[in-house]
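Listed below are the residues making up each chain.
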Amino acid sequence: MTVSDPRPLLGEPVSLDLLNTRWMSDGVRQDLLADTDGLGVWLTSNGLDERFAADATTLRHTLAARDALLALADAPGDPAAIARVDAVLGHGRIRATLTPEGPGEEPEFKDAAWGPAWTAARDYLDLLRTASDRIRACAHEACILHFFDTSRNGTRRWCSMTTCGNRAKASRHYARTKDN
C-alpha cells in the first residue's frame, strides 16, 4: 500500500523538496520525515525508492542533509553551512560512464544510506549553478516552504499563489478596509 504525499507543495527540485518535508498546517509545524514511513513517501515522491531503503540510517543521513541545506538556504555563503553541505557531499561521487547513448554519469556511494542525502545536496549545487538567485523561501510570514522560481521575469514571491499569495492579498485587503 502506498501512502500519498500530504505536503502542500510538490514538484520542486529534489533539494528544495527535501527542505519542504517540513511545512505549516493551521499554525502547526508538520514533518514528513518524523519516521521511516515518511521517508518512504519522500523517496517515492522523488523516484528514489527503487534505489534506496527507507530505514533508520538513511533517515538520519537525510535529516542531516536537510538541516545542512536549510542552513545554507537561510545563510548563503556562510562557511559553517557550506562545510555541512560539503560533509554530506563527501559521502558520494560521480563516476563518468559510457553508455550506448553516449557519455553519462553515475553516482557512487560507499554507503548507500547516504544516497538520498547526497542526491539532494548535489541537486542544490546544480540549482546554484543554474540560477542561485532563484532559490527562494516563500514570502508569506507563516510559511516555511522553499521553491525554485521558474517564472519568466524571476519575481515569484509565494510558494503558491492560490494559498500563500491569496492569504497575503486577503490580509492586505482586510488591513485596508478595517481602518475605513
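Further up the page is the structure itself.
Engineer: Which residues make up helix H3 (residues 56-74), and what are the values?
Structural biologist: For an α-helix, 3.6 residues make a turn, and residues three or four places apart therefore share a direction. For H3, spanning 19 residues, the distance from its first C-alpha to its last is 27 Å, which sits close to the expected 27 Å at 1.5 Å a residue. Looking only at H3, the buried set comprises Thr58, Leu59, His61, Thr62, Ala65, Arg66, Ala68, Leu69 and Leu72. Buried residues along H3 sit against helix H1 (14-19), strand E1 (22-25), strand E2 (28-31), helix H2 (36-45), helix H4 (79-89) and helix H5 (115-131). With a side-chain oxygen positioned 3.3 Å from the backbone nitrogen of Thr57, the residue opening H3 is Asp55.

Engineer: Report on the packing of H3 against H5, specifying residues and quantitative values.
Structural biologist: To describe two helices that pack against each other, one gives the angle between their axes and the distance between the axes. Close contact between H3 and H5 brings their axes to 8 Å; oriented N to C, the two are set at 20 degrees. With respect to each other, H3 and H5 are oriented roughly parallel. Contacts between H3 and H5 involve Thr58, His61, Thr62, Ala65, Leu69, Leu72 and Ala73 from the former and Pro116, Ala117, Ala120, Ala121 and Tyr124 from the latter. Residue composition of the contact of H3 with H5, by class: nine nonpolar, three polar and no charged.

Engineer: Could you give me a rundown of H4, with the residues and numbers involved?
Structural biologist: Along H4, the residues classified as buried are Ala81, Val85, Val88 and Leu89. Projected onto a plane normal to the axis of H4, the buried residues spread over an arc of 105 degrees and lie on a single side. Elements that come into contact with the buried residues of H4 comprise H3, strand E3 (92-99) and H5.

Engineer: Give a description of the pattern of salt bridges that names residues and reports values.
Structural biologist: In total, this model carries eleven salt bridges according to the counting rule given. Linking Arg7 and Asp17 is a salt bridge whose minimum nitrogen-to-oxygen distance equals 3.0 Å. Within this pair, whereas Arg7 is found in the segment before H1, its partner Asp17 is found in helix H1, the two being separated by ten residues in sequence. For the salt bridge of Glu108 with Arg93, the shortest nitrogen-to-oxygen distance reads 2.6 Å. Placement of the pair is Glu108 in strand E4 (residues 102-109) and Arg93 in strand E3, with a sequence separation of 15 residues. Among the charged side chains, a network of salt bridges with common partners joins Arg22, Asp31, Arg66 and Asp67.

Cut-offs used in this document
Residues numbered from 1 in each chain as written. Predicted model: local features only at pLDDT ≥ 70, side-chain atom pairs only at ≥ 80, totals over all residues. Heavy atoms only, no water. Helix = DSSP H or I, 4+ residues; strand = E, 2+ residues; numbered from the N terminus. Expected span 1.5 Å × (residues − 1). Buried < 20%, exposed > 50% of the residue type's maximum accessible area, 1.4 Å probe, protein only. Contact = heavy atoms within 4.5 Å. Polar contact = N/O pair within 3.5 Å; in protein donor to acceptor, adjacent residues only side chain to side chain. Axes fitted to C-alpha atoms, helices over the stretch in contact; angles between N-to-C directions. Parallel < 35°, antiparallel > 145°, perpendicular 65-115°, else oblique. Nonpolar A, V, L, I, M, F, W, Y, C, P; charged D, E, K, R; others polar. Arc of directions from axis to C-beta. Salt bridge = Lys/Arg side-chain N within 4 Å of Asp/Glu carboxyl O.

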